Amino acid sequence: MHPLARHRCLAHLTDCAGYLGIAVSMFPLGAVIVRTTDLASRPWFGHVVSVVPPVIATVVAARAESGPSRATWGERRQGLEVVRRDGGAPTPREALVRNAAKILVPWQLGHTATISAVWGGFEKRDPVTYASSLAVYGLIGWFAWTGLRGDGRGPHDRLAGTHVVPAAEPVGA
């Protein structure tokens, strides 16, 4: 197993707690929309609205990783930072690509699978429901496999040209 795998996993779980907070904070707006409009009765509405929390989470993580700490809140707590191949801080673009692949794509694939299933996708043998379900589980497996083995660089790191290393300065310094 890669030596940073445990710390990376704990960092991601810590960050996911914050991402859950983003999703929960959207609940009041959703309740107002459901009670005051007929939009919730349209299958496409769930797909459109469901992209908002992962986009916010992706931008928040990208800003943190391209900032001075080079790390999200969870990565800082685990003594990690994200760097480019040359050891420098990721550019905002690199951090956005990295986090779109790590957060936005799997989260939205999961939303697509769930929303499609709720609307009867499995019963109707909807190809989008089946494809998104297979894709999200395959992607999660790929992330886990590459993060635990070899050099520990997941698909998101390879795509962005980054990797995770122990932080140069300890937490709180």
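Scroll up a little and you will see the structure.
Described below are features of the structure shown in this document. (Residues numbered from 1 in each chain as written. Predicted model: local features only at pLDDT ≥ 70, side-chain atom pairs only at ≥ 80, totals over all residues. Heavy atoms only, no water.)

What characterises a pair of aromatic rings is the spacing of the ring centres plus the angle enclosed by the ring planes. Throughout the structure, instances matching the rule amount to two aromatic pairs. Centre to centre, the rings of Tyr-19 and Trp-107 are 6.5 Å apart; their planes meet at 35°, and the pair counts as tilted. Of the two residues, Tyr-19 is situated in helix H1 (residues 5–25) and Trp-107 in helix H6 (residues 92–118); the sequence distance between them amounts to 88 residues. Judged by relative accessible area, Tyr-19 falls into the buried class, the value being 9%. Seen from their ring centres, Phe-122 and Tyr-130 are 5.0 Å apart, and the 85° between their planes marks the pair as edge-to-face. For Phe-122, a relative accessible area of 36% gives the class partly exposed. Residue classification places Tyr-130 among the partly exposed residues on the basis of a relative accessible area of 34%. (Phe/Tyr/Trp six-rings, centres within 6.5 Å; stacked < 30°, edge-to-face > 60°. Helix = DSSP H or I, 4+ residues; strand = E, 2+ residues; numbered from the N terminus. Buried < 20%, exposed > 50% of the residue type's maximum accessible area, 1.4 Å probe, protein only.)

For the rest of this paragraph, the subject is the pattern of salt bridges. With the rule as written, the count across this model stands at nine salt bridges. Close ionic contact of Arg-84 with Glu-94 constitutes a salt bridge, the shortest N to O distance being 3.9 Å. With Arg-84 in strand S1 (residues 80–84) and Glu-94 in helix H6, this pair connects stretches of sequence that are 10 residues apart. For Arg-84, a relative accessible area of 22% puts it in the partly exposed group. Between Arg-98 and Asp-157 there is a salt bridge; the shortest N-O distance is 2.7 Å. (Salt bridge = Lys/Arg side-chain N within 4 Å of Asp/Glu carboxyl O.)

The next subject is the layout of surface pockets. The space that makes up the largest pocket amounts to roughly 730 Å³. Taken together, 29 residues make up the lining of the largest pocket; nearest its centre are His-12, Lys-102, Phe-143, Ala-144 and His-156. Of all the secondary structure elements, the ones that give two or more residues to the lining of the largest pocket are H1, H6 and helix H7 (127–148). Counting residues per element, the lining of the largest pocket draws most heavily on H1, which supplies 10 residues. (1 Å grid on protein atoms, 1.4 Å probe; cavity = no way out; pocket = protein on both sides within 12 Å on 5 of 7 lines; lining within 4 Å. Points joined across faces, edges and corners; volume = space filled by probe spheres on them.)

Among the five residues of S1, four are classified as buried, and the element is accordingly described as predominantly covered. One ladder, built from five bridges, connects S1 with strand S2 (residues 162–166); its direction is antiparallel. Counterpart to Val-83 in the pairing with S2 is His-163. (Pairing = 2+ DSSP bridges.)

What follows deals with the packing of H1 against helix H4 (residues 52–65). Across the interface, H1 lies against H4 with an axial gap of 9 Å and an inter-helix angle of 140°. Taken together, the axes of H1 and H4 lie oblique to each other. Every pair of crossing elements has a handedness; the one defined by H1 and H4 is right-handed. Along its contact with H1, which presents Tyr-19, Ile-22 and Ala-23, the element H4 presents Pro-53, Ile-56, Ala-57 and Ala-61. (Axes fitted to C-alpha atoms, helices over the stretch in contact; angles between N-to-C directions. Parallel < 35°, antiparallel > 145°, perpendicular 65-115°, else oblique. Left-handed = near helix turned anticlockwise from the far one by under 90°. Contact = heavy atoms within 4.5 Å.)

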